[in-house]
There are 2 protein chains.
Amino acid sequence: MSGERIARNANKAFSSLKVLTNKQRSEALKQIHDSLKSQKESILKANQLDLENAIKNHVSESLIKRLDLSNPGKFDTMLEGILDVADLPDPLGKVTLAKKLDDELDLYRITSPIGVLLIIFESRPEVIANITALAIKSGNSAILKGGKESYQTFKIMSDIVNATLATKTDVPSDAVQLIQSREDVSDLLDQDKYIDLVIPRGSNELVRSIKANTKIPVLGHADGICSIYVDSNFDIGKAKRIIVDSKTNYPAGCNAVEQLLINKHICLKDVEELLNALIENKVTIHITPELKKFLGNCNNNNNNNNIDEQYVKETEADSFDKEYLSLDISVGLVDDVQEAIDHINHHSSKHTECIITENEDVANRFLKSVDSAGVYWNASTRFADGFRYGFGTEVGISTNKIHARGPVGLEGLTSYQYQLKGNGHVVGEYKGGGGNKSFLHKDII
Amino acid sequence: MSGERIARNANKAFSSLKVLTNKQRSEALKQIHDSLKSQKESILKANQLDLENAIKNHVSESLIKRLDLSNPGKFDTMLEGILDVADLPDPLGKVTLAKKLDDELDLYRITSPIGVLLIIFESRPEVIANITALAIKSGNSAILKGGKESYQTFKIMSDIVNATLATKTDVPSDAVQLIQSREDVSDLLDQDKYIDLVIPRGSNELVRSIKANTKIPVLGHADGICSIYVDSNFDIGKAKRIIVDSKTNYPAGCNAVEQLLINKHICLKDVEELLNALIENKVTIHITPELKKFLGNCNNNNNNNNIDEQYVKETEADSFDKEYLSLDISVGLVDDVQEAIDHINHHSSKHTECIITENEDVANRFLKSVDSAGVYWNASTRFADGFRYGFGTEVGISTNKIHARGPVGLEGLTSYQYQLKGNGHVVGEYKGGGGNKSFLHKDII
């Protein structure tokens with residue numbers, strides 16, 4: 001099927017999906033849950049084929065790990081996630097503004113679905129269940145395009161989802177279309193007439209290439225270059241915990257810290273202690289020449305310092321614009337909080353940044369000045385996550401400044417519409433439209 | 001100055017503007033108001049030069065009317081608008097979500113400015129005052145690019161605004177940069193690193209060309225193809241008032257109606273009365289072959305019908321995808337509300353659509369099913385306007401489904417940030433991050 005046809009069908013299905021009740025949408029999720037559960041064995045068998053292929057093709061270990069649905073608990077967690085989404089409050093039909101413009105002329109702003117989502121992801125097959133659940137719950141049609149590594153798993157799960165929608169639910173089966181790898185994604189990226197939002201889940205390269213090749217708005221992030229600034233008035237225990245957790249809890253995560261800025265008025269001993277906390281966790285620190293000098297040329301003078309030089313490298317020109325996604329971190333000195341703010345606003349990818357300080361005024365200045373989706377005080381950057389924020393689940397983390405920002409849950413998949421209810425009202429009778437009547441503009445409570 | 005330099009300066013100014021208080025921002029608007037007021041004579045003199053040029057260049061009358069700042073009340077209304085915006089509640093720093101993730105770990109979602117806006121407009125010079133006020137009030141930097149027709153007016157107003165910001169306010173003067181016509185707009189449209197949102201105010205061609213030439217998100221609308229559907233159970237008095245107002249109150253407005261769908265079960269006499277109401281107001285009706293037949297071939301058989309045939313034309317292939325912006329309207333028949341909904345969702349530009357009916361169930365079905373920014377029941381489409389909605393003023397009307405939708409006031413110029421305040425909290429201690437702690441996820445009241 002052509003991309004245009006797929007997108008048009010999704011758009012048509014959206015019209016039916018848009019008017020379903022929360023009960024109908026949630027019930028559909030429960031049916032999908034039951035179908036996937038009852039066919040667990042077949043799905044895991046298909047997944048096994050993908051894994052064998054991946055091993056044959058010498059795919060990286062981390063990718064294989066992501067692909068594998070048979071890891072203890074993974075399949076059940078995936079199923080549970082569908083039910084969790086089904087049980088979330090209805091994100092649609094919420095009145096977010098209600099105003100009496102005049103007698104018998106009432107304006108309401110009501111949350112509504114966006115329309116058609118195109119979700120492009122790489123290897124994780126559980127994304128299918130996750131995104132299907134989020135899309136249906138929020139009343140959006142979804143076109144899912146998976147990576148070739150998960151072809152077999154994807155195919156069987158897509159067949160199950162489509163058959164379930166068609167036979168057991170009020171959701172039209174075209175509301176979730178799962179596109180096999182052979183379809184051309186660039187064809188879909190051209191369908192800005194029918195597709196309202198693209199959500200890429202995968203590598204920076206995937207996101208960048210999609211952004212460069214479509215006029216449809218793209219939700220997500222290419223880079224996650226998160227920073228931590230350690231202020232002069234700080235608690236070394238908290239600082240070590242936060243820095244180590246932010247860097248090592250999951251270095252491949254977009255919310256892992258990549259840049260550490262240290263106030264230069266902190267004493268040498270404390271700076272060494274901070275850096276050693278990283279090194280003890282096998283993190284390679286990429287230090288600026290200034291910091292190197294501050295540490296007393298530790299690299300050249302091994303017997304005179306307390307830093308293990310095998311974990312020390314010098315920064316390069318792009319070290320502060322780099323997302324390592326590994327046990328590496330760029331470290332530099334700054335004079336004060338303002339220099340840290342300026343540095344971050346210039347270099348960061350506007351994902352999540354943290355200040356470590358005991359001084360509330362300095363913290364507030366940082367929180368107010370830093371222009372990123374997440375601004376943290378004395379907490380690990382790894383908290384930037386929809387589940388941790390209490391959103392139930394997330395479709396991704398957005399570094400956009402338009403529409404949803406930060407971890408995006410159901411709310412980020414909704415838009416709104418203005419409903420105006422009158423009784424024959426015309427503009428010509430009001431001031432500004434040619435008449436003399438004034439508007440009331442009273443809140444409806 | 002290059003577009004890159006202008007955009008970088010705007011971005012730098014944003015960092016300072018972002019941290020100013022509402023009082024500082026509002027005070028800056030009052031200063032701008034006072035400066036423009038005290039130099040009214042010089043501004044009107046410059047405006048006179050633009051008008052003379054426009055007349056010399058045989059510019060259309062409607063454009064000249066828009067250009068003319070000397071129309072009674074126009075200058076004062078412009079000045080008043082600045083003070084109105086200054087007095088609006090602060091759109092920034094509002095807490096829209098507050099959640100205790102755990103003891104001493106609190107999450108807040110706080111409204112924040114977006115960053116740098118690029119506003120491109122055509123002839124209306126009062127837009128300068130309007131947009132400057134909205135941008136500063138919402139904490140965003142703005143780059144304003146005016147049309148060549150208003151060059152002289154634009155120049156003097158821009159000099160006054162910049163001088164006022166630099167000498168009398170806490171707002172950095174680069175927070176509002178007014179770019180003269182000679183600068184290359186395409187150069188600015190490339191600055192997606194520094195510019196966060198483009199807002200074009202002008203013709204469909206302007207908007208389309210901008211959308212086609214930038215990767216920066218564009219807020220606004222190209223077309224305003226609004227529809228009215230008249231249901232079988234309707235009040236003819238209301239219907240006539242609403243249809244005539246929607247079409248004739250200001251036919252060049254994007255919220256004027258362009259498509260009229262009439263339920264085919266309405267009797268001939270009533271349909272004729274509806275159409276005659278339009279014709280009496282010099283509206284040309286473009287009717288479908290089906291409607292023509294329904295009317296008894298009125299065009300060919302003048303003595304047998306009640307419609308003045310000089311105002312009747314037949315529809316063409318694109319009549320229902322057309323924004324006339326004139327005293328013309330496309331008219332067709334539909335079988336029921338569902339056919340009207342399908343027709344509208346297929347043809348409309350998702351701006352504003354209205355149903356005229358006395359049946360609440362039918363109305364609700366329409367309101368729930370139509371996928372447009374405004375969905376109206378028994379009220380003129382002309383109400384789609386920021387002032388009428390009670391937003392004080394507007395930067396434009398958006399047909400986007402991402403970010404702001406419908407009339408966009410200050411709220412549409414804001415984003416949000418997540419602030420997380422902890423006390424050394426790390427993810428490694430929580431479930432999902434390697435530990436055993438659970439999140440509280442309690443609302444903070």
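For chain A, the name recorded in an unreviewed UniProt entry is glutamate-5-semialdehyde dehydrogenase, with Candida oxycetoniae as its organism. As stated in UniProt under Sequence similarities (unreviewed entry), the record for chain A gives "Belongs to the gamma-glutamyl phosphate reductase family."

1. Considerations on helix H14 (residues 360-369) of chain A
Because the α-helix completes a turn every 3.6 residues, residues three or four places apart line up on one side. Every buried residue of H14(A) is accounted for by Val362(A), Ala363(A), Phe366(A), Leu367(A) and Ser369(A). Structurally, H14(A) contributes buried residues whose contacts are with strand E7 (226-230), helix H13 (337-347), strand E12 (352-356) and strand E13 (374-379) of chain A together with helix H1 (3-18) and strand E16 (414-425) of chain B. N-capping of H14(A) is provided by Asn359(A), with a side-chain oxygen placed 2.9 Å from the backbone N of Asp361(A).

2. What to know about the relation of the copies chain B and chain A
Here chain B sits on chain A after a turn of 180 degrees about the axis and a move of 0.0 Å along it, with an RMSD of 0.0 Å. One copy is carried onto the other by what is essentially a two-fold rotation axis. It is His403(B) whose C-alpha, among those of chain B, lies nearest the rotation axis, at 1.9 Å. A shared interface surface links the copies, since 100% of the contact residues of chain B are contact residues in chain A too.

3. Some thoughts on the sheet that holds strand E6 (residues 197-201) of chain B
Residue and element names in this part refer to chain B. Strand order in this open sheet of 4 strands is E5-E4-E3-E6, and the pairing throughout is parallel. Each having just a single partner strand, strand E5 (176-179) and E6 make up the two edges of the open sheet. Strand-to-strand twist in this sheet, taken as the mean axis angle between neighbours without regard to direction, amounts to 15 degrees. Note: strand E3 (residues 116-121) against strand E4 (residues 141-145), 5 bridges, orientation parallel. Its bridge partner lying in E4, Leu 118 is registered against Ile 143. Helix-sheet contacts for helix H9 (residues 204-212) involve E3 and E6, and the interaxial angle to E6 is about 160 degrees.

4. Overview of the interface of chain B and chain A
Contacts between the two partners involve 76 residues from chain B, matched on the other side by 76 residues from chain A. Counting the contacts that link chain B with chain A gives 6 salt bridges. The shortest N-O distance in the salt bridge between Arg241(B) and Glu429(A) comes to 3.1 Å. Run the count over chain B and chain A and you get 56 residue pairs in polar contact (both at pLDDT 80 or more). Here the side of chain B that touches chain A takes 11 residues from E16(B), the largest share from any one element. For the side of chain B that touches chain A, the class distribution of residues is 33 nonpolar, 25 polar and 18 charged. Here E13(A) runs beside E16(B); their pairing, made up of 5 bridges, is parallel. Its bridge partner being in E16(B), Ala379(A) is matched across the sheet by His425(B).

5. Things to note about the domain arrangement of chain A
Residue and element names in this part refer to chain A. As far as domains go, chain A holds domain 1 (3-219 + 395-417) and domain 2 (226-389). Computed from C-alpha coordinates alone, the two centres of domain 1 and domain 2 are separated by 36 Å. The interface of domain 1 with domain 2 comprises 9 residues on the first partner and 14 residues on the second. A combined buried area of about 790 Å² lies between domain 1 and domain 2, and 58% of that area is made up of carbon and sulfur atoms. On the domain 1 side of the interface with domain 2, the three residues burying the most area are Ile 397, Thr 399 and Pro 407, jointly 52% of the side's total. Our enumeration of links across domain 1 and domain 2 arrives at 2 salt bridges.

Parameters and conventions
- Residues numbered from 1 in each chain as written.
- Chains lettered and ligands numbered in written order.
- Predicted model: local features only at pLDDT ≥ 70, side-chain atom pairs only at ≥ 80, totals over all residues.
- Heavy atoms only, no water.
- UniProt positions renumbered as here; feature names shortened; annotations may be inferred.
- Buried < 20%, exposed > 50% of the residue type's maximum accessible area, 1.4 Å probe, protein only.
- Helix = DSSP H or I, 4+ residues; strand = E, 2+ residues; numbered from the N terminus.
- Contact = heavy atoms within 4.5 Å.
- Polar contact = N/O pair within 3.5 Å; in protein donor to acceptor, adjacent residues only side chain to side chain.
- Least-squares fit on C-alpha atoms with pLDDT ≥ 70 in both.
- Pairing = 2+ DSSP bridges.
- Axes fitted to C-alpha atoms, helices over the stretch in contact; angles between N-to-C directions.
- Salt bridge = Lys/Arg side-chain N within 4 Å of Asp/Glu carboxyl O.
- Nonpolar A, V, L, I, M, F, W, Y, C, P; charged D, E, K, R; others polar.
- Domains from an automatic or database assignment.
- Buried area = accessible area lost by both parts, 1.4 Å probe.

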